[in-house]
Structures are given as structure tokens and as C-alpha cells.
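# Residue-level structure breakdown
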Amino acid sequence: MGWALALHGGAGDIPRSLPAELRDRRLATLRRCLDIGTAALRDGRPALDVVELVVRELEDCPYFNAGKGSVLTSDSTVEMEACVMEGATLRCGAVSGLSTVVNAVSLARRVMENTPHIYLAFEGAEAFARNQGLETKDPSHFITEHNIERLRQAKEANRVQIDYTQPMTKKPGMDPPADDNSQIGTVGCVAIDAAGNLATATSTGGLVNKMPGRIGDTPLVGAGTYANAFCAVSATGKGESIIRHTVSRDVAAMMEHRPGMTLHDAAARVVGATPRGDVGLVAVSASGEVCMVYNTTGMFRACATEDGHAEVGIWTDDGHSVSIGL
Amino acid sequence: MARWAIAIHGGAGVDPNLPEASQEEAKRVLARCLQIGVDALRAGSSALDVVEAVVRELETDPFFNSGRGSALTRLGTVEMEASIMDGHGRRCGAVSGISTVKNPVSLARRVMENSPHSYIAFEGAEAFAREQGLETVDNSYFITEDNIGMLKLAKEANTILFDYRIPDTCSALAVADNHKNGMVMNGLPISIYAPETVGCAVVDCNGFCAAATSTGGLMNKMTGRIGDSPLIGSGTYACDVCAVSCTGEGEAIIRSTLARDVAAVMEYKGLPLQEAVDYCVKERLDEGFAGLIAVSKTGEVAYGFNCTGMFRGCATEDGFMEVGIWE
């Protein structure tokens, strides 16, 4: 058994017509994050540090829906959320309703380590971030041109757009939006380090055109994010579906209560029991097994293990091995 | 026809020295709320309607920490939260950071039924409540004299218990003293700790399960703190198999996703309800104190807790009815 990690940049109905330029930028980010995580694990960094490090990188990338590049609420604001959890101790931290904190995942970790609580939200969370001296920026820092356009289109279509997903139905007299698919929902990372510690982290800007105050699955321990002694899981997709199916906890519960079940079996069962098109997840087990499954059209994803296996992919048939920096 | 059953709670972690008069008052409130649920179930109401009606009653009564009578934040304000889940279809709704909505549990239900989302918090949730025309009141309505006094005591106790900068022996003695007197819950001596949370779990005569939980949260909590009550799978959970509502140290309940775990143990381990409850209370609550109530689709009721007492009541179709505080 050795170290392993997996990461995702969102699952959903990712159109195969995705322009090459947008596809390649995201694939490049996934590869870079895989390298960063791999290097940190080789250096012997603990899993918790690694998932935080990787998710920070994904948050900073404007092409994924977390941190800079977060999608906008119906009020044109950003409200970011994140969660982090450590398997061995079940320690966890979560935040919601952030509008100025550059790296939501790091604030979640501070909540875990420096407060008696697990979950802080909105003004209280912002005040705590300042109290902890975390980097903050004007809310405009997180807003990209793409997301302003995306919100405009969502409002025109008068509906909440689930992540970037689902091509909008064409209405008479309205051109179909140029779905550049820039609104990938959620980023996440799971890892097991050489010492066998499991950890997970997930971060998101939520849904395009969401109601202000809406909380999704990402910060909810057991829904979007969960780790215990058996495995670490980060889920992505339709938040409401992931919440009601307590997706990440369910994978861990199956591993725990059904001895002999492999990570892949548990994950496949949980994803299979969730409505088609709703969910994807990445997971690693205590035995170093890695798993990336989804019932959506695709999932931006990457993984690597100590024995040299590494892959990056979006759709079912394009997952390809990559070499990771040695 | 299935057999209906109902269980309610008014929080776990009760001061062993709670005055007799308060104990009697608690039992009266529990019995009254339980009876409301029993009457509704006999009249054929759905599990979802019953858990909402019963929790509204518990919220409205100032005795328990939810709605009127909620614990206060560090700033002396009230921030309430609630969630509701319909086991049939596993639909759910949750709210946090509520400061003016008279019955948070009903707002949680509106989120489930009338919004595209499952969980809305703070200003957005308040705005949604107004849009939905729910009854709102001034924040002061929720604040009771008792709780203002409790907040003062909590602040003093926290200073003693948690200010590690004070190297003198007085804090150590205070901690020792508190341990001698019993337990510390959520960092507070049990005599000051106001049991968090009210909740209800029901299976109706059609065999459908539902659960709801509501709370003012933790006395002296940081503003913005979210506990287990609004979190689906932690404080509240319902599916085709059972319905569960938890109470106690929120952080311990979240870490263990306690409510979901009772259902998971039944589903994946095949244990019956009471054994699943006992297993989760024993195996899941690492260092935390908590309790929970549950019903199964076959009409059983169960409860469990690992702390001094839980305000609770339960009733089943075959005539069994119980209201209690201690083991």
C-alpha cells in the first residue's frame, strides 16, 4: 500500500462540443494539480495538507466553479462554500456564504482547527476569516466575464441552472446560448498519504442563478464531503440530490457495514442508486484503492497512485494515462 | 395499513439537579405535544404534517431551546435553524441563521416544497420567508429572561473553562469542580447548558416516515455557527426504513452523521431499530454526548443517549405512551 490521490473539477452534462481551448485549459489545470499533489505526497506531506493544497490551486483557477471563477447568485454576487475532513480523527470543518475569502477550503480548515465548532456561515464566517488573518479580496475578484454572461443567460432562461449542466432548451426567437461550459460545479480532492492517513476537501461557488443563501451539498459533512477510517470521498453534481442521498457518507457506510466490499463496488452502488445525470465522485480507500465514478455525461477528473498509475479524463472513453513528474 | 408511531425530544443533556418543578413542567409540555401528534395520527394525518405540527408546538413553547426560548449567540441574538425530511422520496428542506421567522420548521418545509433548493440560510432564508408569507416577529420575541441570565453564566464559565492564557490554578479547580458535579456539555457545565434542540420522528398509518428537528443552537455560540440540526444525515434523516432526530453536542453528531448512520446500520447491517440506535450511540459518539429518537416503518419506536437525561416522549398505535427525562 502506498499513497494515492484523486481530484475532480465537477461532473455533469459536459457537451462533447466543448471548445478545444476550454477543454485544454481545464485538462492542463487538472494535470498541474495532479503534479502538485503527487509531489507533496512524495515529500511525505500529510493527506490533509495535500487536499487543501490541491483544492486551493483549483480554487485559484478561473475555469472551475470555486474560488475565483465561482458562479453568480440571482443577485449577481458570489457565495462560496467548502468543507474539509480528516478520516482517522473524523475532524472536519465547513464554511458557507463567503464573498471575500480567497481560499474557502483554508477557512474550512481553520474552522476545524481553531474553533470549537465545525461549520460557520455568512457574516460570522467572514468575521472569523479576518480574525484569522486569511487572505481576502474584494468580491469582484471572484467574478469573471464568463460568469456574468452565464447568469444573464440563466436569467433569460428563467431558471436555476444546475451547475453548468444541461443544454438549455431552445425557445422560439431565442438563440441557444453559446454553451462554452465554463461553469463546472465544484472542485474536490481526496488523498491517502504514505502513513495511511485519509483526507478529503471540496469547494464550490454553487449554482448559477441560485437564490442568495442557498447551501448545497459541498459543505455538508456526509453529503458532498466525508472521510473516515475506511475511505475519503468528494462528490459533485446536483447538490439537492447529493444531500438527500447523503452520497459521500453512504460510500463510507457501505465500506464499513459490509465487510469485504471494495471501494469501487461501494461507490458504484451509491452512484447507481442516485438518479442518472446527478452525481459523480472521487474516492480513495485505506488500502490505497482509487475510484472515480459518475452517472453524468462526464467528470473532469484525475488520479495518481504511488505504483505509477496516473490518469486524466473528462468523458468515459477519453480517460488516458499521463506521466507524472518524477 | 401500517401501525403508526411517534417519538419526540426536547434535547439531551439535562442538569441532574434540575428542580422538580422544572422537570414536571418539561413532562407536561412533552405530553401535550405528544398528544397533538397522536391525535393527528389517529385522524390519518401524514407523517410529514405531523412532524411539522409537533415541532411547531415545541418551538412555540418557550420551555425548550427552539423558536421562542432559543439559546443566545455571543452577541445576545437568536439564530435559529431547522430541517425536515420526508422519508418517502427522501425530500428534504433546511434553514439556518433565522432571526425573525416564528416557526423555522415551517420555513424548512417551504424550502423543500416551494424552492428549487434543499437548504437556504441567513438573509436569503429570511427573504424567502417573507416571500412565502410566513409569520415573522421581532428578534426580541425569541429572547427570554432566563436565557439572558444563562448567556451571562455561559460567558463566565467559558472564560474559566477555555481561557488557557490564565495559568493559575483557579481555572483548573473550576474544571475539576465541574467534572465533579457531573458533565460538561458543549464546553459548558451541565447546570448552565441549555439542552439544545427539539425534534420529532413519525411513521404514519401508511408506513411513511418523516423527521424534523429545530434549534436555537448553542448558548454563547459564535454568530454564523451552524450545528447538526439543519444538516440532513446529521441531526435529521428519514428514508423508507426509518426516521431519526438527534440532539446533543452538534459537532459530535456531525462527525458521525448520526441520523443517517442509524438508517445505514439498519439497511446495510440488517439490525432492527433499537439495536441500530444502541449501536450508533455506543460506536459512533467518539467523545461526544448526544441522544436521538427514532421510529421504524414497521411502527417501532426507539431512543438512546449517552449523557445525563434526554427530554423525550413516545407513543405507538397499540396504546403504549411514555414521557421521560432520565434513563
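Residues numbered from 1 in each chain as written. Chains lettered and ligands numbered in written order. Predicted model: local features only at pLDDT ≥ 70, side-chain atom pairs only at ≥ 80, totals over all residues. Heavy atoms only, no water.

Contact with chain B, which involves 42 residues of that partner, is made by 40 residues of chain A. A buried area of about 3300 Å², summed over both sides, lies between chain B and chain A, and 63% of it is on carbon and sulfur atoms. Per-residue buried area on chain B facing chain A is highest for H117, R255 and Y268 of chain B; these three make up 21% of the total on that side. Here chain B is connected to chain A by 3 salt bridges. For E256 of chain A, the salt bridge is made with R284 of chain B, and the minimal N-O distance between the two is 2.4 Å. One can count 18 residue pairs in polar contact (both at pLDDT 80 or more) joining chain B with chain A. (Contact = heavy atoms within 4.5 Å. Buried area = accessible area lost by both parts, 1.4 Å probe. Salt bridge = Lys/Arg side-chain N within 4 Å of Asp/Glu carboxyl O. Polar contact = N/O pair within 3.5 Å; in protein donor to acceptor, adjacent residues only side chain to side chain.)

Aromatic ring pairs: the centre-centre distance and the angle between the two ring planes describe each pair. Counted under the stated rule, the structure contains 7 aromatic pairs over all chains. Pairing F122 of chain A with F122 of chain B gives two aromatic rings, centres 5.3 Å apart and planes at 35 degrees, and the pair type is tilted. Separated into two different chains, F122 of chain A in helix 4 (residues 122–131) and F122 of chain B in helix 4 (residues 122–131) make up a pair that spans both. The exposure class assigned to F122 of chain A is buried, which follows from its relative accessible area of 12%. Here the aromatic cluster, defined as three or more aromatic residues joined through ring pairs, consists of F63, F64 and F311 of chain B. One Lys or Arg, R68 of chain B, reaches over the ring of Y141 of chain B and ends 5.5 Å from the middle of that ring. (Phe/Tyr/Trp six-rings, centres within 6.5 Å; stacked < 30°, edge-to-face > 60°. Helix = DSSP H or I, 4+ residues; strand = E, 2+ residues; numbered from the N terminus. Buried < 20%, exposed > 50% of the residue type's maximum accessible area, 1.4 Å probe, protein only. Lys NZ or Arg CZ within 6 Å of the ring centre and 35° of its normal.)

Glancing now at the UniProt feature "active site" (unreviewed entry) in chain A. Residue and element names in this part refer to chain A. According to UniProt, the "active site" (unreviewed entry) feature falls on T186. Assignment of secondary structure puts T186 in the loop between helix 5 (145–156) and strand 5 (187–192). For T186, the contacting residues outside a window of four places in its chain are H8, G9, G10, N65, T202, S203, T204, T218, A235 and T236. (UniProt positions renumbered as here; feature names shortened; annotations may be inferred.)

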